[in-house]
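Each chain, written out:
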Amino acid sequence: MKPSKEELERRNIVGVGAERVTNVTSTDYPGHFPGEDHAWDLGYFRDNVTIEFHKNEPLEAEFSLIGVDASIANAFRRMMIADVPTFAIETVHMEKNTSVIQDEVLSHRLGLIPFKGGKTGFRKFMKFYKKPEDGEEHSYVDFNTIQLSLNVECTHNKKAAKNETDVTKLYNHAHVYASDIEFNPVGRQEQYFSGDNAIVPVHPDILIAKMRPGQQINCSLLMHKGVGSDHAKFSPVATASYRLMPTIKIKSPILGEDAKKFQKCFPKGVIELQTVTRKESKEEGPFKGKEGEWKAVVVDPMRDTVSRECLRHDEFKDKVELGRKRDHFIYSVESTGQWRSDEIFLEAVALFKEKAKKFEHQVINMAR
Amino acid sequence: MPPRAKAKKEEVEESDVSMSDAPVSGQKAVSTDDDESMKDDAAVEDQGGDEFDEDEEEEEEEDDIQRVRILPGSTPTAASFEFLDEGHTLGNALRWIIMKNPDVEFCAYAIPHPAEAKMNIRIQTFEGTAVEALEKGLRDLQDLADVVTEKFKTAKEEFADRMTS
């Protein structure tokens, strides 16, 4: 027994009312509807899941993942934020810091700087650093630690004009930027991080500190691989989020001045004003005799922010139904620059599979 | 975690196990002490492995730490599992895929306390054992991840073609 098309659509839409949401729980489980299957079926899943890109730039990707449950979509989102590893400065050996910024504040700022470099090196060669147990020595080796250094001294610029007031011209190194950080490859790191693959800050113009002549910062920095669940500086994304695809259903036509007002209830591009055609005006129905009048037509619901403004007006309240598609996730992934934004999603899915695989072995191990 | 809390938990478990009417678990309870000694072993071996090409070897070493166990009081068809160092990421996804299994009567997950990195899953089945349902769930998740990866790659290429043409 197959449910009707209308029934399927009803199940698939989360209702959005003026002050409440309805139909929020998914019901696609075996046994929920008598006579319907809903069991996990890989073939069915493969035929029904769709991915559509809207934007794919190195630092920002937007795509739709259609046909999965919220628990799966959310797992991917969470993996992107907290489980995809990146590199960040973890330890700072402060040798000299006579600037006005305190050691701990400076160290914290250094930790937050995103770096990029050879991807094979980052992914395959470099391993997680294991913190030593009590009493053990640190074991910094080429495959778990990347060494950087920051050595800057502020001096007077002899060439500056006499009446110069701009401190960046008056002094050398008045501003310390991320680009002042040097990478010192060790051992096999030469192979993986040289030339274009060298480790450099994603944004060279991040301001780290300000100094005046006579002040100096000397420190060596140790960078490790880490995950976002440990510290947000290791997260590969600035944001990774999704929203559900909005739906706008006009139940009875909105015409004339009302249509213009209706259009203004939504962000630009969501509602279009079209004229009632001669053909429509001749047929029996709501458009009869209205040739040439404006009518409101939904053209791009994806741009809607679901502000529910239209539900505040009495004239539209009963003519429109707002909702969201339960299984249509519009992801937005903003990378911090170490990985390309689309790579992050793929990496998240791969790590998710890895996690499931690991636990499959563990469960077999446990049952034995 | 404060040691007091740990000791208390073990007491509770022991009293649970010794209850005469409690159904027998198919699994020896793994004490937390064992877990820690295993971690130590892995750390020592890890430092020995200088070759980075042997990715797989390292993964196997990590596998040595058993992170799932059956909780006391479980029967073959109605069992609770405890996952260490897991949260909503795996919990909710696994719960969903196990609920998709028609042999499963009930499945739910919980994180008993936010300060403890533990996630519990309860499975009750009509047919087959709870362990089988859990295994099937984990396998299905891997298949699902494969399909998503595949679809994502083709969508990405299609989009790149559309942008250049």
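Quick caveat: nothing in here was measured; it's all calculated off a predicted structure. (Residues numbered from 1 in each chain as written. Chains lettered and ligands numbered in written order. Predicted model: local features only at pLDDT ≥ 70, side-chain atom pairs only at ≥ 80, totals over all residues. Heavy atoms only, no water.)

Novice: Account for the overall build of chain A, with residues named and values stated.
Specialist: Of regular secondary structure, chain A possesses 11 helices and 18 strands. Taken over the C-alpha trace, chain A has a radius of gyration of 29 Å; the compact-globule value for 368 residues is 21 Å, which it surpasses by more than 25%. C-alpha atoms of chain A, sized along the principal axes, occupy 85 × 75 × 35 Å. Each of the 368 residues in chain A was classed as buried or not, and the buried ones make up 43%. Intrachain contacts of chain A at a sequence separation of at least 6 include 76% that bridge at least 24 residues. Split by element, the accessible area of chain A, about 19400 Å² in all, is 49% carbon and sulfur. Of the charged side chains in chain A, 54 are positive and 55 negative, and the gap between their average positions amounts to 3 Å. (Helix = DSSP H or I, 4+ residues; strand = E, 2+ residues; numbered from the N terminus. Rg over C-alpha atoms; globule rule 2.2 N^0.38 Å. Buried < 20%, exposed > 50% of the residue type's maximum accessible area, 1.4 Å probe, protein only. Contact = heavy atoms within 4.5 Å. Areas by Shrake-Rupley, 256 points an atom, 1.4 Å probe, with all protein chains shown as cover. Lys, Arg positive; Asp, Glu negative; His and termini not counted. Charge placed at Lys NZ, Arg CZ, Asp CG, Glu CD.)

Novice: Help me get a handle on the sheet that holds strand E3 (residues 104-110) of chain B, residues and values and all.
Specialist: Reading across from one edge, E1-E2-E4-E3 (chain B) is the order of the four strands in this open sheet, with antiparallel pairing throughout. Two strands close off the open sheet at either side, each with one partner strand: strand E1 (68-70) and E3 of chain B. Strand-to-strand twist in this sheet, taken as the mean axis angle between neighbours without regard to direction, amounts to 20°. Pairing between strand E2 (residues 78-84) of chain B and strand E4 (residues 118-125) of chain B: seven bridges, direction antiparallel. Paired with Ser-80 of chain B across the two strands is Arg-122 of chain B, which belongs to E4 of chain B. Running over the sheet, helix H11 (residues 341-367) of chain A touches E1 and E2 of chain B and is turned about 40° from E1 of chain B. Relative to E3 of chain B, helix H4 (residues 88-99) of chain B is tilted by about 170°, and along the sheet it contacts E2, E3 and E4 of chain B. (Pairing = 2+ DSSP bridges. Axes fitted to C-alpha atoms, helices over the stretch in contact; angles between N-to-C directions.)

Novice: How would you explain the UniProt feature "coiled-coil region" (unreviewed entry) in chain B if you had to name every residue and give the values?
Specialist: The feature "coiled-coil region" (unreviewed entry), as annotated in UniProt, sits at residues 131-158 of chain B in this numbering. The distance from the first to the last C-alpha atom of residues 131-158 of chain B is 41 Å, and the span holds 100% helix and 0% strand. (UniProt positions renumbered as here; feature names shortened; annotations may be inferred.)

Novice: Break down the domain arrangement of chain A for me, with residues and values.
Specialist: Segmenting chain A into domains produces domain 1 (5-81 + 240-331) and domain 2 (86-234). Computed from C-alpha atoms alone, the centre-to-centre distance between domain 1 of chain A and domain 2 of chain A is 47 Å. (Domains from an automatic or database assignment.)

Novice: Break down the layout of surface pockets for me, with residues and values.
Specialist: Residues and elements named next belong to chain A. Approximately 1500 Å³ is the volume found for the second largest pocket. In terms of lining residues, the second largest pocket is bounded by 47 residues, among which Leu-8, Arg-11, Asn-12, Tyr-44 and Asp-327 are the most central. For the lining of the second largest pocket, the secondary-structure elements that each account for two or more residues are helix H1 (5-12), strand E1 (13-16), helix H2 (42-48), strand E15 (237-250) and strand E18 (320-335). Sorting elements by how many residues they give to the lining of the second largest pocket places H1 first, with seven residues. Residue classes in the lining of the second largest pocket are distributed as 19 nonpolar, 11 polar and 17 charged. (1 Å grid on protein atoms, 1.4 Å probe; cavity = no way out; pocket = protein on both sides within 12 Å on 5 of 7 lines; lining within 4 Å. Points joined across faces, edges and corners; volume = space filled by probe spheres on them. Nonpolar A, V, L, I, M, F, W, Y, C, P; charged D, E, K, R; others polar.)

Novice: So what's going on with the state of the cysteines? Which residues, and what values?
Specialist: All names here are of chain A. Under the criterion given, the structure shown has zero disulfides over all chains. Counting only cysteine sulfurs, Cys-154 is the nearest neighbor of Cys-219, a cysteine outside any disulfide, at a range of 16 Å. Here Cys-219 falls in the buried class, since its relative accessible area comes to 1%. (Disulfide = S-S within 2.5 Å.)

Novice: Give me the interface of chain B and chain A: which residues, what numbers.
Specialist: Facing 59 residues of chain B, the contacting portion of chain A comprises 54 residues. Interface area for chain B against chain A, summed over the two sides, is near 5400 Å², with a carbon-plus-sulfur share of 64%. Scanning the region where chain B abuts chain A turns up four salt bridges. Between Lys-355 of chain A and Glu-86 of chain B there is a salt bridge, with the nearest N and O atoms lying 2.9 Å from each other. Our count for the contact surface shared by chain B and chain A stands at 16 residue pairs in polar contact (both at pLDDT 80 or more). Put simply, the parts of the chain that give the side of chain B that touches chain A at least two residues each are helix H2 (32-48), helix H3 (55-63), E1, E2, H4 and helix H5 (130-164) of chain B. Per-element accounting of the side of chain B that touches chain A gives the leading share, 24 residues, to H5 of chain B. (Buried area = accessible area lost by both parts, 1.4 Å probe. Salt bridge = Lys/Arg side-chain N within 4 Å of Asp/Glu carboxyl O. Polar contact = N/O pair within 3.5 Å; in protein donor to acceptor, adjacent residues only side chain to side chain.)

Novice: So what about the UniProt feature "domain: DNA-directed RNA polymerase RBP11-like dimerisation" (unreviewed entry) in chain B? Which residues, and what values?
Specialist: According to UniProt, the positions carrying the feature "domain: DNA-directed RNA polymerase RBP11-like dimerisation" (unreviewed entry) are residues 79-150 of chain B. In residues 79-150 of chain B, helix accounts for 46% and strand for 29%; the two terminal C-alpha atoms are 34 Å from one another.

Novice: Just give me the short version of helix H4 (residues 103-111) of chain A, but keep the residues and values in it.
Specialist: Residue and element names in this part refer to chain A. Every buried residue of H4 is listed here: Leu-106, Leu-110 and Gly-111. Projected onto a plane normal to the axis of H4, the buried residues spread over an arc of 140° and lie on a single side. Here the buried face of H4 lies against strand E5 (86-97), strand E7 (146-153), strand E11 (181-183), strand E13 (207-210) and strand E14 (216-226). (Arc of directions from axis to C-beta.)

Novice: A description of the sheet that holds E7 of chain A should follow, citing residues and the corresponding values.
Specialist: Residues and elements named next belong to chain A. Strand order across the open sheet formed by four strands is E5-E14-E7-E11, with antiparallel pairing between neighbours. Both edges of this open sheet fall to E5 and E11, since each of them pairs with a single strand only. Each neighbouring strand pair of the sheet contributes to a mean axis angle of 25°, computed without reference to strand direction. In this structure, E7 lies alongside E14, joined through eight bridges in antiparallel fashion. Along E14, the bridge assignment pairs Val-152 with Ile-217.

Novice: I'd like to hear about the pairing of E4 of chain B, residue by residue, with values.
Specialist: Residues and elements named next belong to chain B. Counting buried positions over the eight residues of E4 gives six, a clear majority of the element. Across six bridges, the pairing between E3 and E4 is antiparallel. Counterpart to Ala-110 in the pairing with E4 is Asn-120.

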